[in-house]
Amino acid sequence: MTTKPTTADVVKWSVAALEILDKAATLIAKKYARQHAFTNPQATKEFLTYKLAHHEREVFAVMLLDNQHRLIEFRELFFGTIDAAPVYPREVVKLVLEQNAGAVILAHNHPSGVAEPSEADKRITRRLTDALALIDVKVLDHIVVGETAVSFAERGLI
């Protein structure tokens, strides 16, 4: 006879799962940052999947990188609903300047699980790329995380 898990059991598992995912992302960041592998879309997709896939609403994040493309900081910046998150280029530029980043990788999740970039995703990527170019900061990629992860760079969209 199998007993149905209680809400407390599910919450405990969820917290433990989130802690494991966060630890995995930290280990990946340490491993790849030393090898300058954040220019590698596969390594980046793996890192961002651990960081963003568990969110139930859309979250837009930025990986701030130095001139050697080593991770300075990963920051979740904007939080939205199940199908959209507002993104403000001014706030992204401000953060990049505060952290003295030389390059960035943009990322967000699609809680639906479908990682296909929307037209809105493509538009905000162009706006951010243009805004950051004014201060000589390169956008290396934009990763959309769903059940899989899609790289704008791999698709020739950046």
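Structure's up top.
Conventions used here
- Residues numbered from 1 in each chain as written.
- Predicted model: local features only at pLDDT ≥ 70, side-chain atom pairs only at ≥ 80, totals over all residues.
- Heavy atoms only, no water.
- Buried < 20%, exposed > 50% of the residue type's maximum accessible area, 1.4 Å probe, protein only.
- Helix = DSSP H or I, 4+ residues; strand = E, 2+ residues; numbered from the N terminus.
- Phe/Tyr/Trp six-rings, centres within 6.5 Å; stacked < 30°, edge-to-face > 60°.
- Core = buried A, V, L, I, M, F, W, Y, C linked by side-chain atoms within 4.5 Å.

S.K.: Report on unusual backbone geometry, specifying residues and quantitative values.
M.R.: A positive phi angle, near 65°, is found at His 69, a position not held by glycine. For His 69, a relative accessible area of 21% puts it in the partly exposed group. The phi dihedral of Asn 100 falls on the positive side, at around 55°, and the residue is not glycine. Mapped onto the elements of the fold, Asn 100 is located in the loop between α3 (89-99) and β3 (103-109). Residue Asn 100 is classed as exposed on the basis of its relative accessible area, which comes to 65%.

S.K.: Tell me about the packing of aromatic side chains, and name the residues and values.
M.R.: Inspection of the entire model under this criterion finds three aromatic pairs. With centroids separated by 6.1 Å and ring planes inclined at 45°, the aromatic side chains of Phe 60 and Phe 78 adopt a geometry described as tilted. Remark: Phe 78 occurs in strand β2 (residues 71-79) and Phe 60 occurs in strand β1 (residues 59-65); sequence separation between them is 18 residues. For Phe 60, a relative accessible area of 2% corresponds to the buried category. Phe 78 sits in the buried class, given a relative accessible area of 8%.

S.K.: Tell me about the nonpolar core, residues and numbers included.
M.R.: Core analysis: the biggest nonpolar cluster contains 18 residues, and Val 96, Val 104 and Leu 132 have the highest contact counts within it. Counting residues in hydrophobic clusters, the runner-up holds 17 residues, among them Leu 52, Val 59, Leu 65 and Leu 140.

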